[in-house]
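Chain and residue survey
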Amino acid sequence: MQSFTFSAAFITFFSVIGPPKVLLAFAGLAQAHPVRQLRTIALLSSAAAVVVGIVTGGTAPWLLDVFHISTPALQLAGGVIFFIYAVGLVLGMHLGSDGPHDDSPDTVSGVRELLMPYVVSPLAVTALLIEAAARYSVSWRSTVVGAYMAVIVLDLVCVLALARVLRRTHHATIELLGRLLGLLLAAVGVDLVLDGLSDLGVPGLGRYG
């Protein structure tokens, strides 16, 4: 049963913050950062994401209680924020960043640009809080956090291995893929909002109704 729950949690986090979504964000950075700096950014941002995951997953039940947040409200908030971010991708707007890359971008600016899509991804944090708060068992929260960390490590390995490929990817290709992914992610955000409304009892929104 433990291995099954870990697998289920891993699949959940892979779908919301796995390499297919993360590599595109790093591909955008690779256009302005040299390979060595890109790898440093990947290490730092992944370390920050792990810290966020441990803190969020480990304290999920208490966080929701302290702030009096219900699961549907969390789904609505995460879905709305992610929908706005995804619309920005579709329209070619870089929300959460300082705009166009500087002539001499540094490591800090690179990590800062990854805050929204990677380090504190709305979908990933929402999934962490919901999954970890599902049970008060420490072992369950450890399983959820472990699955999240496994996906972060997988992301890091993919970025480190493909850094040179990302660097050579044409800017137009990245823009095209970014807008396509933004459209798909916008649908994910809407789906999360609908789930939250359905859990609040809004009629006609049940998945199997």
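Analysis parameters
- Residues numbered from 1 in each chain as written.
- Predicted model: local features only at pLDDT ≥ 70, side-chain atom pairs only at ≥ 80, totals over all residues.
- Heavy atoms only, no water.
- Helix = DSSP H or I, 4+ residues; strand = E, 2+ residues; numbered from the N terminus.
- Contact = heavy atoms within 4.5 Å.
- Areas by Shrake-Rupley, 256 points an atom, 1.4 Å probe, with all protein chains shown as cover.
- Core = buried A, V, L, I, M, F, W, Y, C linked by side-chain atoms within 4.5 Å.
- Buried < 20%, exposed > 50% of the residue type's maximum accessible area, 1.4 Å probe, protein only.
- Phe/Tyr/Trp six-rings, centres within 6.5 Å; stacked < 30°, edge-to-face > 60°.
- Axes fitted to C-alpha atoms, helices over the stretch in contact; angles between N-to-C directions.
- Parallel < 35°, antiparallel > 145°, perpendicular 65-115°, else oblique.
- Left-handed = near helix turned anticlockwise from the far one by under 90°.
- Nonpolar A, V, L, I, M, F, W, Y, C, P; charged D, E, K, R; others polar.
- pLDDT = per-residue confidence, 0-100.
- Expected span 1.5 Å × (residues − 1).

When helices and strands are tallied, the protein shows ten helices and zero strands. Seen in sequence order, the protein has helices and strands lined up from the N terminus as α-α-α-α-α-α-α-α-α-α. Of all intrachain contacts in the protein linking residues separated by at least 6 positions in sequence, the fraction that spans at least 24 positions is 85%. Just so you have it, the protein exposes about 10800 Å², and 70% of that area is on carbon and sulfur atoms.

Another aspect to go through is the nonpolar core. By size, the foremost hydrophobic cluster in this structure holds 50 residues, and its most contacted members are Phe13, Ile17, Phe26, Tyr118, Tyr148 and Ile152. The element best represented in this core is helix 9 (residues 138-168), accounting for eleven residues. Not counting residues within four places of it along the chain, the set of residues in contact with Tyr148 comprises Phe13, Ala49, Gly53, Val119, Ala124 and Leu128.

With that settled, consider the packing of aromatic side chains. Tallied over the full model, the rule gives three aromatic pairs. Ring centres 6.2 Å apart and planes at 25 degrees place the aromatic pair Phe10 and Phe14 in the stacked group. Of this pair, Phe10 and Phe14 both sit in helix 1 (residues 2-17), separated by four residues, roughly a single helical turn. Classification of Phe14 by relative accessible area gives partly exposed; the value is 32%. Where Phe13 meets Tyr148, the ring centres are 5.5 Å apart and the plane angle is 80 degrees; that geometry is what we call edge-to-face. Here Tyr148 lies in helix 9 and Phe13 lies in helix 1, a separation of 135 residues in the sequence. The same class applies to Phe13 as to Tyr148, namely buried.

In the contact formed by helix 2 (residues 19-30) and helix 3 (residues 35-58), the axes pass within 10 Å of each other and the chain directions differ by 140 degrees. When the axis of helix 2 is compared with that of helix 3, the two are oblique. In this structure, helix 2 crosses over helix 3, and the sense of that crossing is right-handed. Contact residues: helix 2 offers Phe26, Leu29 and Ala30, while helix 3 offers Leu38, Ile41, Ala42 and Ser45. Class assignment for the residues of the contact of helix 2 with helix 3 results in six nonpolar, one polar and no charged.

On to the packing of helix 2 against helix 9, then. Two elements in contact, helix 2 and helix 9, have axes separated by 10 Å at closest approach and are oriented at 40 degrees. The pairing of helix 2 with helix 9 is recorded here as oblique in orientation. Seen from above, helix 2 lies across helix 9 with right-handed handedness. Across the interface between the two elements, Pro19, Val22, Leu23, Phe26, Ala27 and Ala30 of helix 2 pack against Leu154, Asp155, Cys158, Val159, Leu162, Leu166 and Arg167 of helix 9.

Let us look at the confidence of the model for the protein. Per-chain confidence: the protein averages 84 in pLDDT, with 89% of residues scoring 70 or above. The weakest mean pLDDT in the protein belongs to helix 10 (residues 171-199) at 78; the strongest belongs to helix 3 at 95. Of the regions scoring below 50 in pLDDT, residues 98-102 engages in five contacts with residues more than four places distant in sequence or in other chains.

Along the chain, the position of Ser121 falls in the loop between helix 7 (115-119) and helix 8 (122-132). Those residues within four positions of Ser121 in sequence are excluded, and the remaining contacts are Val16, Ile17, Phe82, Leu115 and Met116.

Turning next to helix 2. End to end, helix 2 covers 15 Å across twelve residues, agreeing with the expected 16 Å (1.5 Å per residue, within 8%). Along helix 2, the positions that sit buried rather than exposed are Pro19, Val22, Leu23, Leu24, Phe26, Ala27, Leu29 and Ala30.

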